[in-house]
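Now for the letters of each chain:
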Amino acid sequence: MDILQQFMTPFINIELLILVAAGTLAGIFVGAIPGLSVTMAVALLLSLTYSWDMLPALALMLGIYYGGVFGGSRAAILVNMPGSPSSVATSFDGFPLSQQGEARMALTLTTIFSFVGGMVGVAVLATAAPLVSTIAIQFGQRDYFLLAMLGLLLIGSLSQGSMAKGVFAAGAGIILGLVGMDSIGGGSRFTFGSLQLMNGINFVTAILGLFGMSEILYQLKTLNEKGQTVTLKKMVFPPLRVLFRFLPLSLRVSIMGVLIGALPGAGGEIAALLSYDHAKRTTKKPSRPFGKGAYEGVIAPEAGNNSAIGGALIPLLTLGIPGDAVTAIFIGALFIHGLQPGPMLMEQSGDLFWVMVGSSVLANIFLLIFGLLVVGIFIRVVTIPKQILLPIIAVITVIGAYALNNNMTDVYWMLGFGIVGFFMKVHNFSVAPLVLGLILGPLIDTSFRRAYMASQGPSEFLIGFVNSPISILLTIAFVFTIFSQTKMYSRMKQKIV
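Here's what I pulled together on the structure shown here. (Residues numbered from 1 in each chain as written. Predicted model: local features only at pLDDT ≥ 70, side-chain atom pairs only at ≥ 80, totals over all residues. Heavy atoms only, no water.)

**Things to note about the overall build of the chain**
Reasoning step 1: Scanning the chain for helices and strands turns up 23 helices and two strands.
Reasoning step 2: In the chain, which comprises 497 residues, the share counted as buried stands at 55%.
Reasoning step 3: For the chain, contacts bridging at least 24 residues in sequence account for 78% of all contacts bridging at least 6.
Reasoning step 4: Put simply, the chain has 27 plus and 19 minus side-chain charges, and the middle of one group is 19 Å from the middle of the other. (Helix = DSSP H or I, 4+ residues; strand = E, 2+ residues; numbered from the N terminus. Buried < 20%, exposed > 50% of the residue type's maximum accessible area, 1.4 Å probe, protein only. Contact = heavy atoms within 4.5 Å. Lys, Arg positive; Asp, Glu negative; His and termini not counted. Charge placed at Lys NZ, Arg CZ, Asp CG, Glu CD.)

Here it is in structure tokens:
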């Protein structure tokens, strides 16, 4: 009964309920503005709520967290500018849907299945946190390397058209991701003596340029062409049969998102990309071709990245290890209020755990309510004439890039990536593999080198890929993924079918 009372505290305590609601609503709008990250918002709240009681502060921060991750998909769908890195995959099919007049359907589906993913994450957090944390803590550097390499194989899914162009773009992204100070040896790489490059290239800056500024330049190129007007289609709420059709996919990617979110350093962006790839590989008859407005292409990444929130909270509450940048700030909040994050937290402050679970459920409920209510507000973006909309987006993009570090260097990088992205689109290069390389490049580099340094030589390093159950499973998945892209696999599959 005590657990139930603790769980219900955010529902019956008016102060906590209002704070969760306000945080979720604010998070949706903050997440929808490119460059204003959830991490930034939660870090700001940490300083503002320093003198607050612990539970109200955490309730507000959780609301911002859930709302911000969800809000990033709004801009990704409407103007092809992901509000956060975890919304990059949503733009692949979300923006084509918007161009076809189905922005309302895209926004509604992502809201519903973001709620589904978020609730699955909370359910796993409440029922299987110790088990998931035990699995997550057993991941070694070699396993992170395999996971990153699996992510890199997404090139096949993200390359629209030529695979060679996709590989080239991903390779360029990996090289750009390695720019800056070497996190292991401390040396500089590809900096050419520039102090501004020592911190590396912020991939959020790259996303703003490759998706935002490049889209502005491309739209300016086609501004006077006929057939550019988007007509919004009339839409009622999606029928239940449509929702149930996508439910199995959303549940599968939600479980995947929880597991990836529980891995320290993995994050919602990797969960969203792998979820998108899973949808593309397993959906036999998509509503449309992927990359051209498939409903599955917006449902899977949104369910995956929202479920990753519950996953990221698991190592925070059970081991005292942050799952991502936002949960690292949560650790600071717990320290400020006199708590010691770690294995003893749940025993010494079990009420805190269940109040956070209850607040997470409440945040997802408000996410669903507010997400559906503000569809009409967001949808008006599509109806604004491009002569007015494009300058506004350009200003927001510049401000977002500058706000990352209050540094004009980020603005210059954003403009540079915008020009590169524009020429990539003109010459039919997909920008997604370039972003993928930027995100995964540093993880591949550090995990590979650390795993090799921990080995006694090449033979021990190679044997390590089959000396633990996790490594064996990831190695098999890696080999199978490569094999599944060969002609031999296609012929075998046709014979079996």
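What follows continues from the structure just given.
**Side note on the environment of A126**
Reasoning step 1: On the secondary structure map, A126 appears in helix α6 (residues 103–137).
Reasoning step 2: Those residues in contact with A126 that lie beyond four places of it in its chain are F353, W354 and V357.

**Focus on the environment of S86**
Reasoning step 1: Structurally, S86 is set in the loop between α4 (54–79) and α5 (88–99).
Reasoning step 2: C-alpha separation for the pair S86 and G304, spaced 218 residues apart in sequence, amounts to 9.3 Å.
Reasoning step 3: The residues contacting S86, other than those within four sequence positions of it, are V69, G268, E269, A272 and N305.

**Re unusual backbone geometry**
Reasoning step 1: Unlike most non-glycine residues, N80 shows phi in positive territory, near 60 degrees.
Reasoning step 2: By secondary structure assignment, the location of N80 is in the loop between α4 and α5.
Reasoning step 3: Residue N80 is classed as buried on the basis of its relative accessible area, which comes to 7%.
Reasoning step 4: The phi torsion at N428 lies on the positive side, around 60 degrees, for a residue other than glycine.

**Looking at the pattern of salt bridges**
Reasoning step 1: Within the structure shown, the criterion is met by seven salt bridges.
Reasoning step 2: E102 serves as the salt-bridge partner of R288, at 2.1 Å between the closest nitrogen and oxygen. One end of the pair, R288, is in the loop between α12 (267–282) and α13 (296–319); the other, E102, is in the loop between α5 and α6, with 186 residues separating them in the sequence.
Reasoning step 3: The partner of R449 in a salt bridge is D182, and the shortest N-O contact between them spans 2.8 Å. On the criterion of sequence distance, the pair formed by R449 in helix α20 (residues 432–453) and D182 in the loop between β1 (180–181) and β2 (188–189) is long-range, its members being 267 residues apart.
Reasoning step 4: Taking the relative accessible area as the measure of exposure, R449 reaches 24% and is therefore partly exposed.
Reasoning step 5: In the salt-bridge network here, residues are joined through shared partners; they are D182, R189, D445 and R449. (Salt bridge = Lys/Arg side-chain N within 4 Å of Asp/Glu carboxyl O.)

**Let's talk about the packing of aromatic side chains**
Reasoning step 1: One pass over the structure, following the stated rule, counts 18 aromatic pairs.
Reasoning step 2: Seen from their ring centres, F7 and F11 are 5.9 Å apart, and the 35 degrees between their planes marks the pair as tilted. Of this pair, F7 and F11 are both found in helix α1 (residues 2–12), four residues apart, which corresponds to roughly one turn of the helix.
Reasoning step 3: The partly exposed category is assigned to F7, whose relative accessible area is 21%.
Reasoning step 4: Geometrically, the ring pair formed by F246 and Y295 is edge-to-face, given 6.3 Å between the ring centres and 80 degrees between the ring planes. Here F246, found in helix α11 (residues 240–261), pairs with Y295, found in the loop between α12 and α13; they are 49 residues apart in sequence, far enough to count as distant.
Reasoning step 5: Three or more aromatic residues joined by ring pairs form one cluster here, namely F145, F448, Y452, F461 and F465.
Reasoning step 6: Positioned above the aromatic ring of F465 is the side chain of R142, whose terminal nitrogen or guanidinium carbon lies 5.6 Å from the ring centre. (Phe/Tyr/Trp six-rings, centres within 6.5 Å; stacked < 30°, edge-to-face > 60°. Lys NZ or Arg CZ within 6 Å of the ring centre and 35° of its normal.)

**Section: α13**
Reasoning step 1: The first and last C-alpha atoms of α13 sit 35 Å apart over 24 residues, in line with the 34 Å expected at 1.5 Å per residue.
Reasoning step 2: Most of α13 sits inside the fold, with 23 of its 24 residues counted as buried.
Reasoning step 3: Following α13 by one or two positions, G320 has its phi on the positive side, about 75 degrees. (Expected span 1.5 Å × (residues − 1).)

**A short note on the packing of helix α9 (residues 163–177) against α20**
The packing of two helices is summarised by the inter-axis angle and the distance between the axes.
Reasoning step 1: Two elements in contact, α9 and α20, have axes whose closest approach is 7 Å; the angle formed by their N-to-C orientations is 40 degrees. Taken as axis vectors, α9 and α20 run oblique relative to one another. Crossing of α9 over α20 shows right-handed handedness. Where α9 approaches α20, its residues G166, A169, A170, A172, G173, I174, L176 and G177 are matched on the opposing element by P433, L434, G437, L438, G441 and P442. (Axes fitted to C-alpha atoms, helices over the stretch in contact; angles between N-to-C directions. Parallel < 35°, antiparallel > 145°, perpendicular 65-115°, else oblique. Left-handed = near helix turned anticlockwise from the far one by under 90°.)

**Regarding a nonpolar patch on the surface**
Reasoning step 1: Together, I33, I384, I388, I392 and I396 make up an exposed nonpolar region whose accessible area comes to about 370 Å².
Reasoning step 2: With respect to the helices and strands, the residue I388 is situated in helix α18 (residues 386–405). (Patch = residues over 30% accessible without salt bridge, like charges linked within 9 Å, V, L, I, M, F, W, Y side chains within 5 Å. Areas by Shrake-Rupley, 256 points an atom, 1.4 Å probe, with all protein chains shown as cover.)

**Considering the side chain of N80**
Reasoning step 1: Polar contacts involving the side chain of N80 include one to the side chain of E215, which spans 3.1 Å.
Reasoning step 2: Not counting the four nearest positions on each side in its chain, N80 is found in contact with A75, S91, F95, F211, G212, E215 and K425. (Polar contact = N/O pair within 3.5 Å; in protein donor to acceptor, adjacent residues only side chain to side chain.)

**A short note on the side chain of R74**
Reasoning step 1: Of note, R74 is situated in helix α4.
Reasoning step 2: E302 provides the closest opposite charge to the buried, salt-bridge-free R74, at an N-O distance of 5.2 Å.
Reasoning step 3: Setting aside chain neighbours within four positions, we find R74 in contact with A32, L107, T110, T111 and F378.

**Things to note about the packing of α5 against α12**
Reasoning step 1: Two elements in contact, α5 and α12, have axes whose closest approach is 7 Å; the angle formed by their N-to-C orientations is 45 degrees. On the basis of the axis angle, α5 is oblique to α12. Contacts from A89, F92 and D93 in α5 reach A272, L273 and Y276 in α12.
Reasoning step 2: Looking at the contact of α5 with α12, its residues break down into five nonpolar, no polar and one charged. (Nonpolar A, V, L, I, M, F, W, Y, C, P; charged D, E, K, R; others polar.)

**Regarding helix α19 (residues 408–426)**
Given 3.6 residues per turn, any residue in an α-helix points the same way as the ones three and four places further on.
Reasoning step 1: Taking 1.5 Å of rise per residue, 19 residues should cover 27 Å, and α19 covers 27 Å from first to last C-alpha, within 8% of that figure.
Reasoning step 2: Among all positions of α19, only T409, D410, V411, M414, F417, G418, G421, F422, M424 and K425 are buried.
Reasoning step 3: Tucked into the core, α19 has its buried residues touching α9, α10 (203–221), α18 and α20.
Reasoning step 4: Taking the backbone nitrogen of T409 as reference, a side-chain oxygen 2.9 Å away marks N407 as the first, capping residue of α19.
Reasoning step 5: Looking one or two residues beyond α19, the residue adopting positive phi is N428, at roughly 60 degrees.

**Some words on the environment of A312**
Reasoning step 1: Summarising the element assignment, A312 is placed in helix α13.
Reasoning step 2: Along the primary structure A312 and A325 are separated by 13 residues, whereas in three dimensions their C-alpha atoms are 9.6 Å apart.
Reasoning step 3: What A312 contacts, discounting residues up to four positions off in sequence, is Y65, G261, A262, G323, D324 and T327.

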